[in-house]
Amino acid sequence: MKKLMAVSLLSTVLLAACQPANITAVKWDTGEKGAGVQTRCERVDMRDHSEMQSAFAKYDGWKLIYVSEYTTGNKSGTDGAVCFERVK
């Protein structure tokens, strides 16, 4: 009985933890070109509102040009990348 419970528990954990990843990305073309263009990217935990606010506050006045979100169906790991651009 203990072996059956252990196998059942392990199967449940594996099924829940091994969900396929959902990757969503959006890129906007600003049309800016040349040596005067600066681009910066940050990794952001999309579940942490304060971390997102902090990243966006650093780039106040910059254009948001790229957002990518990597998550699993069970939302155990939601991670993102955001990129900003400006002309010097």
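Structure: see above.
Residues numbered from 1 in each chain as written. Predicted model: local features only at pLDDT ≥ 70, side-chain atom pairs only at ≥ 80, totals over all residues. Heavy atoms only, no water.

**As for the overall build of the protein**
Part 1 of the reasoning: A tally of regular secondary structure across the protein gives two helices and four strands.
Part 2 of the reasoning: Order of helices (α) and strands (β) in the protein, N terminus to C terminus: α-β-β-α-β-β.
Part 3 of the reasoning: When the 88 residues of the protein are sorted by exposure, 19% land in the buried category.
Part 4 of the reasoning: For the protein, contacts bridging at least 24 residues in sequence account for 65% of all contacts bridging at least 6. (Helix = DSSP H or I, 4+ residues; strand = E, 2+ residues; numbered from the N terminus. Buried < 20%, exposed > 50% of the residue type's maximum accessible area, 1.4 Å probe, protein only. Contact = heavy atoms within 4.5 Å.)

**Regarding the state of the cysteines**
Part 1 of the reasoning: Evaluation of the coordinates by the stated rule reveals one disulfide.
Part 2 of the reasoning: Two residues share a disulfide in this structure: Cys41 and Cys83, whose sulfurs sit 2.0 Å from each other. For the disulfide bridge between Cys41 and Cys83, the dihedral angle about the S-S bond is near 105°, and by the sign convention the bridge is right-handed. Placement of the pair is Cys41 in strand S2 (residues 37–45) and Cys83 in strand S4 (residues 79–87), with a sequence separation of 42 residues.
Part 3 of the reasoning: With a relative accessible area of 48%, Cys41 lands in the partly exposed category.
Part 4 of the reasoning: Accessibility expressed as a relative area gives 8% for Cys83, which makes it buried. (Disulfide = S-S within 2.5 Å.)

**Comments concerning a nonpolar patch on the surface**
Part 1 of the reasoning: A cluster of nonpolar side chains, namely Val26, Trp28, Phe56 and Leu64, defines an oily patch on the protein surface of about 320 Å² accessible area.
Part 2 of the reasoning: Looking at the element boundaries, Val26 is found in strand S1 (residues 21–27). (Patch = residues over 30% accessible without salt bridge, like charges linked within 9 Å, V, L, I, M, F, W, Y side chains within 5 Å. Areas by Shrake-Rupley, 256 points an atom, 1.4 Å probe, with all protein chains shown as cover. Salt bridge = Lys/Arg side-chain N within 4 Å of Asp/Glu carboxyl O.)

**Things to note about the environment of Trp28**
Part 1 of the reasoning: Relative to the helices and strands, Trp28 resides in the loop between S1 and S2.
Part 2 of the reasoning: A C-alpha to C-alpha distance of 6.3 Å links Trp28 and Tyr66, two positions 38 residues apart in sequence.
Part 3 of the reasoning: Apart from the residues lying within four places of it in its own chain, the contact partners of Trp28 are Leu64, Ile65, Tyr66 and Val67.

Nothing here speaks to function; it is all geometry.
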